[in-house]
Amino acid sequence: MQHTDKAIAEFEAWWDRQPHREQFESMKTQMRNVWVASRRELVIRLPAKPDADTFTRVQSAYWQGIDKVAGQAEAAGVTVRG
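None of the values given here were measured: they were computed from a predicted structure.

Draft legend 1. Structural view of the overall build of the chain. For the chain, the count of helices and strands is 3 helices and 2 strands. The secondary structure elements of the chain, listed N-terminal to C-terminal, are α-α-β-α-β. Over its C-alpha trace the chain gives a radius of gyration of 18 Å, far above what one expects of a compact globule, namely 12 Å for 82 residues. By its C-alpha atoms, the chain is 60 × 20 × 20 Å across when sized along the principal axes.

Next comes the structure, spelled out in structure tokens:
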């Protein structure tokens, strides 16, 4: 699923939970576009990784944690750049 498709699906799920949403139906498309755009602009920048030759066990564990967080962020539809 592309980031845009995922953001639209998240918006639709959120929209369905809103009380009185029928009163705002005429604004739904505009609200969805803003929702999608806000997710597209969210980018997490990770620190640059050092050369593998300089890794210690502590550094290795640190970068494994960074990789795990990056994977979770990407799974949630957030752009991650390293």
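Draft legend 2. Structural view of the nonpolar core. A7, F11, W15, W35 and V36 form the largest nonpolar core, which has 5 residues in total. Among the secondary structure elements, those contributing two or more residues to this core are helix 1 (3-16) and helix 2 (28-41). Counting residues per element, this core draws most heavily on helix 1, which supplies 3 residues. In this structure, W15 is in contact with R21, F24, E25, K28 and M31, ignoring residues within four places of it in sequence.

Draft legend 3. View of the environment of K49. Mapped onto the elements, K49 comes out in the loop between strand 1 (43-45) and helix 3 (57-75). C-alpha separation for the pair K49 and I66, spaced 17 residues apart in sequence, amounts to 9.9 Å. Setting aside chain neighbours within four positions, we find K49 in contact with W63 and D67.

Draft legend 4. Representation of the packing of helix 1 against helix 2 within the structure. Interhelical geometry of helix 1 versus helix 2 gives an angle of 130° and a closest axis separation of 9 Å. Of the possible angle classes, the one that applies to helix 1 and helix 2 is oblique. The two elements helix 1 and helix 2 cross, and the hand of that crossing is right-handed. Judged by residue contacts, T4, A7, I8, E10, F11, E12, W14 and W15 of helix 1 engage K28, M31, R32, W35, V36, R39 and R40 from helix 2. When its residues are assigned to classes, the contact of helix 1 with helix 2 shows 8 nonpolar, 1 polar and 6 charged.

Parameters and conventions
- Residues numbered from 1 in each chain as written.
- Predicted model: local features only at pLDDT ≥ 70, side-chain atom pairs only at ≥ 80, totals over all residues.
- Heavy atoms only, no water.
- Helix = DSSP H or I, 4+ residues; strand = E, 2+ residues; numbered from the N terminus.
- Rg over C-alpha atoms; globule rule 2.2 N^0.38 Å.
- Core = buried A, V, L, I, M, F, W, Y, C linked by side-chain atoms within 4.5 Å.
- Buried < 20%, exposed > 50% of the residue type's maximum accessible area, 1.4 Å probe, protein only.
- Contact = heavy atoms within 4.5 Å.
- Axes fitted to C-alpha atoms, helices over the stretch in contact; angles between N-to-C directions.
- Parallel < 35°, antiparallel > 145°, perpendicular 65-115°, else oblique.
- Left-handed = near helix turned anticlockwise from the far one by under 90°.
- Nonpolar A, V, L, I, M, F, W, Y, C, P; charged D, E, K, R; others polar.

Function-wise, these values are silent; they only describe arrangement.
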